Amino acid sequence: MDQFIIDGGRPLRGSVAISGSKNAALPILIATLLTDESCVVENVPVKLRDIKTTIRLLESLGKRVEVSGQTVRTWTHGSLKTQAPYELVKQMRASVLAAGPLLARFGLVRVPIPGGCAIGLRPIDIHLRGFDDLGARRIADHGDVILSAPALKPGPLKLKFPSVGATENLMMAAAALPGATTIENAAREPEIADLARFLERMGAQVRGAGSSRVSIRGSLKLSGCRHRVIPDRIEAGTFMLAAAASQGHVRLEGAEPAHLQAVIRCMRQAGAKLDPCRGGIEVSMSGRPRPVSIKTAPYPGFPTDLQAPWMAWMCLAQGKARIREEVFENRFLHAAELARMGARIGVGGHDAVTEGVEALNGAPIMASDIRAGAALLVAALAASGRTVLQRVYHIDRGYEKVEQKLRRLGASLRRVNR
Ligand code: EPZ
């Protein structure tokens with residue numbers, strides 16, 4: 001298994017290119033199931049493990065997929081299958097997004113119910129309730145859910161929580177239904193707006209994506225199209241925090257400041273300098289941050305996916321900061337690993353309190369999920385001494401060429417296989 005050896009304490013300096021968004025590319029690639037025609041998706045972070053898993057999922061469902069550079073082309077030759085393999089769903093929960101397009105197109109789909117993961121139970125009841133409201137019948141069988149409907153009915157839907165995945169699943173189903181579907185209390189993340197643009201290019205009409213009320217007027221025949229995926233705001237935010245924690249000066253090429261407003265605001269409060277510049281964001285910081293408390297929330301609130309890297313930075317603050325995790329029930333596993341590096345963190349339920357220390361020290365530590373891994377990287381880059389970071393495969397799910405990018409910024413980091 002791969003691990004990173006990091007010699008910390010060097011300020012990151014220089015510029016780095018931000019990749020296409022993983023969490024936008026995943027549903028967009030899956031939405032290509034809505035047509036047999038050729039779809040060309042550009043700016044896909046193809047090196048990521050989750051993107052590779054998505055491509056395998058599409059192939060297992062009968063899609064042909066061609067990857068060239070950062071571009072993925074999909075088309076159908078023959079007929080599609082309506083059963084997603086457990087082998088892939090267990091590796092990547094987002095595979096459940098295949099349910100919406102397949103159910104709407106073929107009236108039948110069988111998907112394994114994804115289990116919990118390191119950050120929480122992560123049920124899919126909001127997705128399923130939405131399919132019920134569109135008129136699907138559902139049977140549970142041997143760990144799978146079978147959804148069927150001779151013809152789904154478009155109509156009004158109201159989500160009990162603005163779930164990103166449920167909004168995407170239902171938008172994809174609605175895109176294949178003639179008639180109007182509205183989704184109330186929809187997720188507002190930029191990835192939702194990007195999926196909406198893709199569905200529009202396929203021939204659906206989508207209004208209000210990015211607000212909490214999305215209306216979709218679908219079509220029985222969607223066509224192929226070409227689309228460029230938005231930049232990854234979570235990768236950009238992670239590099240912003242790594243730059244600040246290492247007291248460096250970094251330019252993030254291609255980052256979209258409009259997608260990171262809550263984080264930019266909080267980082268400025270903590271003392272970092274952030275300049276949205278042409279084609280990106282520039283970040284610089286010297287000294288320890290002021291403590292700033294945050295609470296995660298669905299977009300446009302502070303993203304849960306940056307809570308862990310934020311905590312890593314606050315471990316170095318000049319005082320106490322409170323971090324409240326409102327989106328997932330169990331997203332503090334990184335706290336114990338940060339403590340191994342000398343951080344002082346108290347955790348109780350949905351709250352963590354960091355009491356900043358002057359410096360963190362390198363130590364052997366272990367990632368438990370993508371963003372916990374990112375937090376440990378941020379901490380290791382800022383720490384004095386050597387860190388051995390294990391279970392790097394979590395980081396590889398969400399950060400493309402991370403060691404090349406960090407080395408370009410002057411970090412001392414290498415990957416070893418042991
Ligand atoms: C997406 O997950 C992202 N994944 C996550 O990124 C991100 O953390 C999350 O949105 C929140 O922003 C992808 O886009 C592939 P949710 P998703 O449905 O869609 C509860 C990363 O690190 N919920 O908005 O699964 C759920 O348990 C990943 O890149 C239900 O109760 O998130 C959670 O507590 C991790 N029932 C909350 O809602 C449901 O049916 C938010 O989940 C669905 C969700």
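Residues numbered from 1 in each chain as written. Predicted model: local features only at pLDDT ≥ 70, side-chain atom pairs only at ≥ 80, totals over all residues. Heavy atoms only, no water.

Here the structure, examined in full by the defined rule, presents 29 salt bridges. In this structure, Asp36 and Arg105 form a salt bridge, with 3.1 Å as the shortest nitrogen-oxygen distance. Of the two residues, Asp36 sits in the loop between helix H1 (22-31) and strand E3 (39-42) while Arg105 sits in helix H4 (residues 99-106), which places them 69 residues apart along the sequence. For Arg105, a relative accessible area of 27% gives the class partly exposed. Note that Asp369 and Arg331 form a salt bridge whose closest N and O atoms lie 3.9 Å from each other. Of the two residues, Asp369 sits in the loop between strand E21 (364-366) and helix H12 (370-382) while Arg331 sits in the loop between strand E18 (320-324) and helix H11 (333-340), which places them 38 residues apart along the sequence. Under the relative-accessibility criterion, Asp369 is labelled buried at 11%. Judged by its relative accessible area of 8%, Arg331 falls in the buried class. A cluster of three or more residues bridged by salt bridges with shared partners is formed by Asp2, Asp396, Glu403 and Arg415. (Salt bridge = Lys/Arg side-chain N within 4 Å of Asp/Glu carboxyl O. Helix = DSSP H or I, 4+ residues; strand = E, 2+ residues; numbered from the N terminus. Buried < 20%, exposed > 50% of the residue type's maximum accessible area, 1.4 Å probe, protein only.)

Below, the discussion takes up the pairing of strand E10 (residues 179-184). Each regular strand shows side chains that alternate between the opposite faces of the sheet. By the bridge criterion, 3 bridges tie strand E9 (residues 156-158) to E10 in an arrangement that is parallel. Across the sheet, the residue bridging to Leu157 is Ile183, located in E10. On the question of chirality, the crossover connecting E9 to the parallel E10 by way of helix H6 (residues 164-175) is right-handed. Two elements, E10 and strand E12 (residues 213-218), share 6 bridges in a ladder whose sense is antiparallel. Residue pairing for E12: Gly179 is matched across the bridge by Gly218. (Pairing = 2+ DSSP bridges. Right-handed = clockwise from strand over helix to strand, strands pointing away.)

So, about the side chain of His127. Along the chain, His127 falls in helix H5 (residues 125-133). Among the polar contacts made by the side chain of His127, one reaches the side chain of Asn169 at a distance of 3.0 Å. Non-local contacts of His127, meaning those with residues more than four positions away in its chain, are made with Val96, Leu97, Ser163, Gly165, Ala166, Asn169 and Leu170. (Polar contact = N/O pair within 3.5 Å; in protein donor to acceptor, adjacent residues only side chain to side chain. Contact = heavy atoms within 4.5 Å.)

What follows deals with the site of the ligand. Taken together, 20 residues form the shell around the ligand, and within it Asp125, Ser163, Asp305, Val327 and Arg371 come nearest. In this structure, Val164 approaches the ligand through a main-chain N or O atom, which is 2.8 Å from an oxygen atom. Take Val327: an N or O atom from its main chain is 2.6 Å from an oxygen atom of the ligand. Look at the ligand: alone it shows 820 Å² of surface, and the protein chains cover 86% of it. Every element with two or more residues in the shell around the ligand is listed here: H1, H5, H6 and H12. When residues are assigned to domains, the shell around the ligand turns out to be shared by domain 1 (2-19 + 231-417) and domain 2 (22-228), each giving three or more. (Near = heavy atom within 4 Å. Areas by Shrake-Rupley, 256 points an atom, 1.4 Å probe, with all protein chains shown as cover. Domains from an automatic or database assignment.)

Here the focus is the layout of surface pockets. Approximately 270 Å³ is the volume attributed to the second largest pocket. What lines the second largest pocket is a set of 20 residues, among which Ala104, Arg105, Ala176, Ser219 and Leu220 lie closest to the centre. Across the lining of the second largest pocket, the residue classes break down as 13 nonpolar, 3 polar and 4 charged. (1 Å grid on protein atoms, 1.4 Å probe; cavity = no way out; pocket = protein on both sides within 12 Å on 5 of 7 lines; lining within 4 Å. Points joined across faces, edges and corners; volume = space filled by probe spheres on them. Nonpolar A, V, L, I, M, F, W, Y, C, P; charged D, E, K, R; others polar.)

A two-sided burial pattern is seen for E3, the buried positions comprising Cys39 and Val41 on one face and Val40 and Glu42 on the other. Pairing between E3 and strand E5 (residues 71-76): 3 bridges, direction antiparallel. Bridge pairing links Cys39 to Thr74 in E5.

Our focus in this paragraph is the packing of aromatic side chains. With the rule as written, the count across this model stands at 2 aromatic pairs. Considering the side-chain rings of Phe302 and Trp310, the 5.4 Å spacing of their centres and the 75 degrees angle between planes classify their relative orientation as edge-to-face. Judged by relative accessible area, which is 5%, Phe302 ranks as buried. For Trp310, a relative accessible area of 0% translates into the label buried. When the centroid spacing of 5.4 Å and the interplanar angle of 85 degrees are considered together, the rings of Trp310 and Trp313 count as edge-to-face. Placement of the pair is Trp310 and Trp313 together in helix H10 (residues 307-314), with a separation of 3 residues, close to one helical turn. Through successive ring pairs, a cluster of aromatic residues spans Phe302, Trp310 and Trp313. A cation over a ring is seen here: Arg73 above Trp75, with NZ or CZ 4.1 Å from the ring centre. (Phe/Tyr/Trp six-rings, centres within 6.5 Å; stacked < 30°, edge-to-face > 60°. Lys NZ or Arg CZ within 6 Å of the ring centre and 35° of its normal.)

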